[in-house]
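A structural walkthrough
For reference, the chains in residue letters:
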Amino acid sequence: MVSSTGTGRRKLGLRIRFRRDRTLILMTLPVVLLLLVFNYVPILGNVVAFQDYDPYLSDNGFVAVLQSPWVGFEQFQRVFQDAEFWHAVQNTFVLFLLQLVLYFPVPIALALLVNSVIRPRVRAVAQAVLYLPHFFSWVLVVTVFQQIFGGAGVLAQTLREHGHSGFDVMTDPSVFKYLVTAQMVWKDAGWGVIVFLAALAAVSTDLYEAAAMDGAGRWRRMWHITLPALRPVIALLLVLRVGDALTVGFEQFLLQRQAVGPDASEVLDTYVWWNGIRNQDFSYAAAAGLIKGVVGLTLVLVANKVAHLMGEQGVYEK
């Protein structure tokens, strides 16, 4: 009798909670459906990585998957034996490390600078200006850089007008990794600034006032109050960034591939696209993509474990 009563209370509690939160649940349903359709259902397509998939076996793609012969790990062996794959892996990790060193500190520095502005109107304008490029497409970003740093760009024409030889950064493979890093900083640094400013908004002003009364200067208050307040957010973004180590960009590199050549611009995303879409070697591309996904997941788990050892929450709690 007690057990049935307890069960009834739990059921009643569930109905009450559902009735209370039904508006929020309805609001999240479209997002859940989008995730299911575009993120989870396509995972089933990874089965072609273990096949010699031929989409022309049937007019129905699902039937073609069922009729394609199984080859086990043959596609993965082809991937590991391909020198171009390892070259793409090398380019990907070099670009990731470069972007981690040159890009990640920029939003923190800009957030600290904007947060130090006293006048609210100036601070709002600075946030808007910094955040605006985040909404630009990569086509527009590359076009802007082309108009500035290209062979016919503003800087090259200005140098020629003053008797100097021009230059073309956009077609120089030796500086391509720095070019794409600069493009990413200009486009996405504003988003990081907003995240860090939101974390700084939660810091009590009483801490700054107490530190100032104790004689702490601006730099000491930043070191002992501001940066510790940003530490959990920094740890979380670092974990997420490490998880995206193999996803340094697709559209950005594809748009500039022809200008600098595949040796400088080939990363894992463009490698998978080139083999899967252009060469129509779907099983091979699926195997390469699956390897990338497994390595990315492993990096997230390792980085999150490191965050736990440092006393931070990371992506999820222990």
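Residues numbered from 1 in each chain as written. Predicted model: local features only at pLDDT ≥ 70, side-chain atom pairs only at ≥ 80, totals over all residues. Heavy atoms only, no water.

Observations concerning the overall build of the protein chain
Filter applied, for reference: Numbering of helices and strands runs from the N terminus, with a helix taken as a DSSP run of H or I at least four residues long and a strand as a DSSP run of E at least two residues long. To get the radius of gyration, use the C-alpha atoms; to get the globule rule, take the number of residues to the power 0.38 and multiply by 2.2 Å. Relative accessibility decides the category of a residue: with a 1.4 Å probe and only protein chains considered, values under 20% of the type maximum give buried, values over 50% give exposed, and everything between is partly exposed. Only heavy atoms matter for contacts: two residues are in contact if any of them lie within 4.5 Å across the pair. Accessibility throughout is a Shrake-Rupley quantity obtained with a 1.4 Å probe, and a residue counts as covered only by protein chains that appear here. In this tally, Asp and Glu contribute negative charge and Lys and Arg positive charge; neither His nor the terminal groups of the chain are included. Charged groups are reduced to one reference atom each: NZ for lysine, CZ for arginine, CG for aspartic acid, CD for glutamic acid.
From N to C terminus, the protein chain includes 16 helices and zero strands. Scaling as 2.2 N^0.38, a compact globule of 318 residues should have a C-alpha radius of gyration of about 20 Å, whereas the protein chain reaches 25 Å, well beyond that. With respect to the three principal axes, the spread of C-alpha positions in the protein chain is 95 × 75 × 35 Å. For the protein chain, the proportion of its 318 residues judged to be buried stands at 32%. Look at the contacts in the protein chain between residues 6 or more apart in sequence, and 64% of them connect residues 24 or more apart. On the protein chain, roughly 19800 Å² of surface is accessible, and the fraction owed to carbon and sulfur atoms is 66%. If you average the places of the 25 positive and of the 22 negative side-chain charges in the protein chain, the two averages end up 17 Å apart.

Quick word on the nonpolar core
For the record, the criterion: Among buried residues, the Ala, Val, Leu, Ile, Met, Phe, Trp, Tyr and Cys ones that are joined through side-chain atoms within 4.5 Å form a nonpolar core.
With 19 residues, the main nonpolar core has L95, F176, V248 and F253 as its most contacted residues. Among the elements of the structure, helix 5 (83-102), helix 8 (138-149), helix 10 (176-201) and helix 13 (251-260) are those that each provide at least two residues to this core. The leading source of residues in this core is helix 10, at five residues. The contact partners of F176, leaving out residues within four places of it in the chain, are F253, Q256, V260, A264 and S265. Within the second largest apolar cluster, 18 residues are counted, among which are A49, Y53, V89 and L268.

Quick notes on unusual backbone geometry
A negative phi angle is the norm for most residues apart from glycine, just as the trans form is the norm for most peptide bonds. For Q280, which is not glycine, the phi dihedral falls at a positive 55°. Looking at where Q280 falls in the secondary structure, it is placed in the loop between helix 15 (268-278) and helix 16 (282-309). For Q280, a relative accessible area of 42% puts it in the partly exposed group.

Some details on the packing of aromatic side chains
To be explicit about the condition: Each Phe, Tyr or Trp ring, with Trp reduced to its six-membered ring, pairs with another whose centre is within 6.5 Å; inter-plane angles below 30 degrees give stacked pairs, above 60 give edge-to-face pairs, and intermediate values give tilted ones.
Inspection of every chain in the model, using the stated rule, returns 16 aromatic pairs. Pairing Y53 with F282 gives two aromatic rings, centres 6.0 Å apart and planes at 75°, and the pair type is edge-to-face. Of this pair, Y53 sits in the loop between helix 2 (22-40) and helix 3 (61-67) while F282 sits in helix 16, placing them 229 residues apart in sequence. Arranged with centres 6.1 Å apart and planes meeting at 70°, the rings of F145 and W186 form a pair that is edge-to-face. Taken together, the residues F145 in helix 8 and W186 in helix 10 connect sequence positions 41 residues apart.

Examining the packing of helix 5 against helix 10
Spelled out, the test is: Inter-axis angles, ranging from 0 to 180 degrees, are taken between N-to-C directions of lines fitted to C-alpha atoms, where helices are fitted over the stretch in contact. Note on angle classes: values under 35 degrees are labelled roughly parallel, values over 145 roughly antiparallel, values of 65 to 115 roughly perpendicular, and the remainder oblique. A clockwise turn of the near helix away from the far one marks a right-handed crossing, whereas an anticlockwise turn of less than a right angle marks a left-handed crossing. Note on residue classes: Ala, Val, Leu, Ile, Met, Phe, Trp, Tyr, Cys and Pro are nonpolar, Asp, Glu, Lys and Arg are charged, and everything else, Gly too, is polar.
Put simply, helix 5 and helix 10 touch, their axes get as near as 10 Å, and they point 45° apart. Relative to helix 10, the element helix 5 lies oblique. Crossing geometry of helix 5 relative to helix 10 is assigned as right-handed. Residue-level inspection shows V94, L95, L98, Q99 and L102 of helix 5 in contact with helix 10, the latter providing K177, Y178, V180, T181, M184 and V185. Considered class by class, the residues forming the contact of helix 5 with helix 10 number eight nonpolar, two polar and one charged.

A look at a nonpolar patch on the surface
As a reminder, the rule being used: Patch membership requires over 30% relative accessible area and the absence of a salt bridge. Like charges are linked within 9 Å, and nonpolar side chains (Val, Leu, Ile, Met, Phe, Trp, Tyr) within 5 Å. A pairing counts as a salt bridge when a side-chain nitrogen of Lys or Arg comes within 4 Å of a carboxyl oxygen of Asp or Glu.
On the surface, V31, V32, L33, L34, L35, L36, V37, F38, Y40, V41, I43 and L44 cluster together into a nonpolar patch covering about 1200 Å² of accessible area. Residue position: V37 is located in helix 2.

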